[in-house]
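Residue-level structure breakdown
The lines below spell out each chain.
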Amino acid sequence: MNTGSAAAPPKGIGGWLRLFAFLLCVGFVRGIAELAVAMPDYLAGFQVEAARGPLIVVGLVAFAGMAVHLWGIVSLFRQKRAFRTIFAIMSVLTLAAPFSILPMLMVPGVRLHMILAEADIARTIGALIAMALWYWYLCVSVRVKNTLVN
């Protein structure tokens, strides 16, 4: 029997927000694994004096990306209003990462195909499209509005 009261609006990390939170955490773990695999090549690049400056830029962008990603995970689970802004910053850093590699072209003998494979470009475009769709969800979802209140 209907008592006339409306159902409580969705709140908390459930539904699509649960999937989003899971993917956010998996992405962070994948990023850590990719950094660990790339670390030997990254460190070997410091043997070339002309590559040191560009490699520092690449390292700083990667570190900033991982730090903001972790900050985003923490803010989502703490249900912080600032999460949408943090996610937007993550998107900008995702876009900046491939561009941070471009100064490596100043190193003698380095060519674009050596530092930026077509697969990496396609993956970045795919990630940006996915991030844009998730950002749209974060902006329009009633559950997100009712959850990110701190």
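Everything that follows concerns the structure shown earlier in this document.
Now for a quick tour of the structure.

Analysis parameters
- Residue positions are given per chain, counted from 1 along the sequence in the order it is written.
- Where local features are concerned, this predicted model is filtered to residues with pLDDT of at least 70; where side-chain atom pairs are given and counted, the filter is 80 or more; whole-chain, interface and lining totals use all residues.
- Values reported for side chains reflect all heavy atoms of the structure, with hydrogen atoms and water molecules removed beforehand.
- By the criteria applied, helices consist of DSSP H or I runs no shorter than four residues and strands consist of E runs no shorter than two, each listed in order from the N terminus.
- As defined in this context, the radius of gyration uses C-alpha atoms, and a globule is described by 2.2 Å times the residue total to the power 0.38.
- Burial classes follow relative accessibility: with a 1.4 Å probe on protein chains only, a residue under 20% of its type's maximum area counts as buried, one over 50% as exposed, and anything between as partly exposed.
- Between the first and last residue of a helix there are one fewer steps than residues, each counted as 1.5 Å, and that sum is the expected span.
- Contacts: residue pairs with any heavy atoms within 4.5 Å of one another.

**Things to note about the overall build of the protein**
- If you tally the helices and strands in the protein, you get 6 helices and 0 strands.
- Counting helices and strands in the order they occur from the N terminus, the protein gives α-α-α-α-α-α.
- The C-alpha atoms of the protein give 20 Å as radius of gyration, which overshoots the globular expectation for 150 residues (15 Å, by more than 25%).
- On the principal axes, the C-alpha backbone points of the protein span a range of 75 × 25 × 20 Å.
- The proportion of buried residues among the 150 residues of the protein is 29%.

**Some words on the environment of W136**
- Locating W136 in the fold gives a position in helix 5 (residues 118–140).
- Residues W136 and P40 lie 96 residues apart in sequence; the distance between their C-alpha atoms is 38 Å.

**Considerations on helix 2 (residues 52–77)**
- In this model, helix 2 (26 residues) spans 38 Å end to end at C-alpha, consistent with the 38 Å of a helix rising 1.5 Å per residue.
- Within helix 2, the full set of buried residues consists of P54, L55, V58, V61, M66, V68, H69, G72, I73, S75 and L76.
- Against helix 1 (15–44) and helix 3 (83–101) lie the buried residues of helix 2.
- Among the residues trailing helix 2, Q79 stands out with phi positive, at a value near 55°.

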